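Understanding the architecture of this molecule
Here's the letter readout for the chains.
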Amino acid sequence: MLRTTILFALAMTTTLAASAAPPPGSDTVSSPLDSFPARFDYVSNNAPFVVFDIAPRTLNAAAALKAFKELKLTFVATEPLHHVDIFTYVVPTSGNPAEAPTRVACGSTIAGHYSCSVPTREALLLLKGGDGLFGLRIEAEGIEGERSTVRITLPVKAGTGKPVPAKVVSPMPLTLLVAPLGGR
């Protein structure tokens, strides 16, 4: 049953991907699956590997840094894979792309459906609190050396919220209620 489901999903994705023509002058094909506002671009697609989703699809830089936010990448391997590696990078609105020094090994060597957590902190620090794009470069390699590379980019908004206070300030004094020994 799982194999039939995976084959059906691959067939549907392949059919949809075949209908999406690459932009003029580009070797990448954008995923026809609805992932807005994130963008999926298949740079090469030879390994038995299909990206299904990324969650969340946008990031608030300040909140993500404060909470050590992670992304959840979901994909399917229709055949055994040698490895799946994920690299993170950012593209500031004004500036050059910068790659974070992180590599996430994801998935297993057997066919199936997988979800991986991808940390965002190291890459978001490179944005220095500004707007831009957060990117994932996913490299999958099949058992026979086939390779797929997928780039996913999602928008990052700079935090505009009020900073969290360093301590709790209350005009009321702290009172501890203590029950007497003996139960009354």
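Here the structure is shown first, and the text comes after it.
Because the structure is predicted, anything quoted here is derived from the model rather than measured. (Residues numbered from 1 in each chain as written. Predicted model: local features only at pLDDT ≥ 70, side-chain atom pairs only at ≥ 80, totals over all residues. Heavy atoms only, no water.)

Let's shift gears to the pairing of strand 6 (residues 81-92). Judged by how many residues are buried, strand 6 sits mostly within the fold: nine of 12 residues are covered. Examined bridge by bridge, strand 6 and strand 9 (residues 132-142) share 11 bridges and lie antiparallel to one another. Its bridge partner being in strand 9, Y89 is matched across the sheet by G135. When strand 6 meets strand 7 (residues 98-105), the two strands line up antiparallel, connected through five bridges. In the strand pairing of strand 7, I86 is matched with V104. (Buried < 20%, exposed > 50% of the residue type's maximum accessible area, 1.4 Å probe, protein only. Helix = DSSP H or I, 4+ residues; strand = E, 2+ residues; numbered from the N terminus. Pairing = 2+ DSSP bridges.)

Looking at the secondary structure, you find T74 in strand 5 (residues 70-77). With near-sequence residues (within four places) excluded, T74 lies in contact with V51, F52, D53, H113, Y114 and S115. (Contact = heavy atoms within 4.5 Å.)

Here we come to the sheet that holds strand 5. Remark on secondary structure: sheet strands pair via backbone hydrogen bonds, oriented parallel or antiparallel. The sheet built from three strands is open, its strands ordered 3-5-8 with antiparallel pairing. The strands lining the two open edges of the sheet, one partner per strand, are strand 3 (49-55) and strand 8 (112-119). Shown here is a sheet whose adjacent strand axes are inclined to one another by a mean of 25 degrees, direction ignored. The pairing of strand 3 with strand 5 spans six bridges and is classified as antiparallel. If you follow D53 over to strand 5, its bridge partner there is T74. (Axes fitted to C-alpha atoms, helices over the stretch in contact; angles between N-to-C directions.)

Residues in a regular strand project their side chains so that they alternate between the two faces of the sheet. Along strand 5, six of the eight residues are buried, which leaves the element largely enclosed by surrounding structure. When strand 5 meets strand 8, the two strands line up antiparallel, connected through eight bridges. Of the residues in strand 8, the one forming a bridge with L73 is C116.

Omega for the peptide link from F36 to P37 comes to 5 degrees, which places this bond in the cis form. Residue placement: P37 occurs in the loop between strand 1 (29-30) and strand 2 (39-45). With an omega of -5 degrees, the peptide bond running from A55 to P56 counts as cis. Summarising the element assignment, P56 is placed in the loop between strand 3 and strand 4 (59-60). The phi dihedral of K128 falls on the positive side, at around 55 degrees, and the residue is not glycine. With respect to the secondary-structure elements, K128 resides in the loop between helix 3 (121-127) and strand 9.

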